[in-house]
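Chain residues, written in single-letter form:
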Amino acid sequence: MLCRVPEPDVPHLDFDDAWRVAGTVGGWLTEAQARALYDASRQVAPATVVEIGSHLGRSTIVLAASGAAVTAIDPFPDDWRYGRPDTEQRLRSHLAQAGVADRVDLRVATSRAVREGWNAPVRLVYVDAKHDMWSCLDDMRWSDFLTEGDTFFVHDAFSSLGVTLAVLRDAVTTRRHTYVGRTGSLARFEVGRPSVAQRLRVLREMPWFARNLVVKVLLRLRLRPVARLLRHDDTADPY
Ligand SMILES: C[S@@+](CC[C@H](N)C(=O)[O-])C[C@H]1O[C@@H](n2cnc3c(N)ncnc32)[C@H](O)[C@@H]1O
């Protein structure tokens, strides 16, 4: 893994200051995951970071707090889960509240539409948009803009069937993505040709994925005490 020293003069917020706001914004990113995104983004700031799927800005805030120039992509679709007419405005007001609005270029469009017109260098990518396999694989193509040794993250990599299938399929077929590890179900990859052993690392996470599926079922069945036996103390799904 390349070890980089963050540029000291890049204006940024401390993680704790950013999380004080981001932690109050609705979303699915844990504090440990937010810190992993922030630290990686800090390493490349003030370069461009692309976030695919912003919702209310929980992750956007921590990425922008690092001092990176964040391109945040979300079409704000009118769907059952994320679609509220005011989502975009709420996101913008959260960014302003955190003091990072000027670091974020918000694109109200799909990941693919933005990618097809994109031609600038990117140093970090964060994928957290549609959770079906084909959409996730398509979003992972943003890594084409990264160079060897750069990082990209995929959220819900081992807690959502579609995303897990995408990560597994990619592990078999990729020539450019090396799985490095995870914070909860936030998977971290580096751009570089993986060895067979590195491809197999993804498979080794399958017991963790199976555990998360069981926890989700238990929570739906209101069996929290049983979920606690699997070390899940939260009322929310494991991420
Ligand atoms: C899980 S949420 C993102 C959560 C956010 N990263 C956070 O930390 O709170 C997924 C988001 O992806 C967005 N989305 C759906 N389809 C998309 C697409 N084709 N391209 C980019 N974003 C998309 C949804 O509107 C939704 O806001």
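Every chain is numbered on its own, with residues counted from 1 as its sequence reads. Local features in a predicted model are, by the rule used here, given only for residues with pLDDT of at least 70; side-chain atom pairs are given and counted only at 80 or more, and totals for whole chains, interfaces and linings are based on all residues. Here the side-chain values reflect all heavy atoms present in the structure, with hydrogen atoms and water set aside.

- Under an unreviewed UniProt entry, the protein has the name Methyltransferase domain-containing protein and belongs to Nocardioides exalbidus.

Quick word on the nonpolar core
Reasoning step 1: Leu37, Ile61 and Val62 are the most contacted members of the largest nonpolar core, which has 36 residues in total.
Reasoning step 2: When residues of this core are traced back to their parent elements, those giving at least two are α1 (15-22), α2 (31-44), α3 (58-65), β2 (69-73), α4 (87-98), β3 (104-107) and β4 (124-127).
Reasoning step 3: Here a residue-residue contact requires only that any non-hydrogen atoms of the pair lie within 4.5 Å. Once you skip the residues sitting within four places of it in the chain, Ile61 turns out to touch Ala18, Val21, Ala22, Val25, His94, Leu95, Ala98 and Val100. To define a nonpolar core, start from buried Ala, Val, Leu, Ile, Met, Phe, Trp, Tyr and Cys residues and group those joined through side-chain atoms within 4.5 Å. Only protein chains enter the area calculation, which uses a 1.4 Å probe; residues under 20% of their type maximum are buried, those over 50% are exposed, and those in between are partly exposed. Helix and strand definitions follow DSSP, with helices as H or I runs of at least four residues and strands as E runs of at least two, each counted in order from the N terminus.

A few points about the packing of aromatic side chains
Reasoning step 1: To pair, rings of Phe, Tyr and Trp, with the six-membered ring standing in for Trp, must have centres within 6.5 Å; the planes then decide the type, stacked if under 30 degrees apart, edge-to-face if over 60, and tilted in the middle. Applying the stated criterion across every chain, the model contains seven aromatic pairs.
Reasoning step 2: Judged by centre distance (5.4 Å) and plane angle (50°), the ring pair of Trp142 and Phe145 falls under tilted.
Reasoning step 3: Judged by relative accessible area, which is 0%, Trp142 ranks as buried.
Reasoning step 4: On the basis of relative accessible area, Phe145 is assigned to the partly exposed category, the value being 22%.
Reasoning step 5: Among the aromatic residues, those joined into a ring-pair cluster are Phe152, Phe158, Tyr179 and Phe189.

Topic: a nonpolar patch on the surface
Reasoning step 1: Each patch is built from residues that are more than 30% exposed by relative accessible area and take part in no salt bridge. Like charges join if they lie within 9 Å; nonpolar side chains (Val, Leu, Ile, Met, Phe, Trp, Tyr) join within 5 Å. Computed with the Shrake-Rupley method and a 1.4 Å probe, the accessible areas treat only the protein chains shown as cover for residues. The term salt bridge refers to a pairing of a side-chain nitrogen on Lys or Arg with a carboxyl oxygen on Asp or Glu at a separation within 4 Å. Together, Val217, Leu221, Leu223, Val226 and Leu229 line one region of the surface with nonpolar side chains, adding up to about 470 Å² of accessible area.
Reasoning step 2: Looking at the secondary structure, you find Val217 in helix α9 (residues 206-220).

Structural notes on the domain arrangement of the protein
Reasoning step 1: In this document the domain limits rely on a domain assignment from an automatic tool or a database. The domain architecture assigned to the protein consists of domain 1 (15-200) and domain 2 (205-239).
Reasoning step 2: Centre-to-centre separation of domain 1 and domain 2, based on C-alpha positions: 24 Å.
Reasoning step 3: The partner domain 2 presents eight residues to the 16 residues of domain 1 that form the contact.
Reasoning step 4: For the pair domain 1 and domain 2, the two sides together bury roughly 1000 Å², of which 61% comes from carbon and sulfur.
Reasoning step 5: Joining domain 1 to domain 2, the criterion identifies one salt bridge.
Reasoning step 6: Any N or O atom pair separated by 3.5 Å or less is treated as a polar contact, with the protein-specific requirement of one donor-capable and one acceptor-capable atom, and with residues adjacent in sequence counted only for side-chain atom pairs. Across the contact surface, domain 1 and domain 2 share nine residue pairs in polar contact (both at pLDDT 80 or more).
Reasoning step 7: The set of elements that each furnish at least two residues to the side of domain 1 that touches domain 2 consists of α7 (161-173) and β6 (177-183). A simple way to read buried area is as the amount of 1.4 Å-probe accessible surface that goes missing from two parts once joined, with both sides added.

Some details on the site of the ligand
Reasoning step 1: Proximity is defined per residue: any heavy atom of the residue falling within 4 Å of a molecule or strand makes that residue near it. In the neighbourhood of the ligand, 18 residues make up the surrounding shell, with Gly53, Ser59, Asp74, Ser111 and Asp128 lying closest.
Reasoning step 2: Within the side chain of Asp74, one N or O atom sits 2.6 Å away from an oxygen atom of the ligand.
Reasoning step 3: Contact distances for the ligand include 3.0 Å between a nitrogen atom and a backbone N or O atom of Ser111.
Reasoning step 4: Cavity membership is defined here by more than half of the atoms lying within 2 Å of grid points; on that basis the ligand lies in the largest pocket. For cavity detection a 1 Å grid was placed over the protein atoms alone, and a set of points counts as a cavity when a 1.4 Å probe fits there but cannot get out; an open set counts as a pocket when protein lies on both sides within 12 Å along at least five of seven lines, with lining residues being those that have an atom within 4 Å of a point. Whether a molecule lies in a cavity or pocket depends on its atoms, and more than half of them have to be within 2 Å of the grid points.

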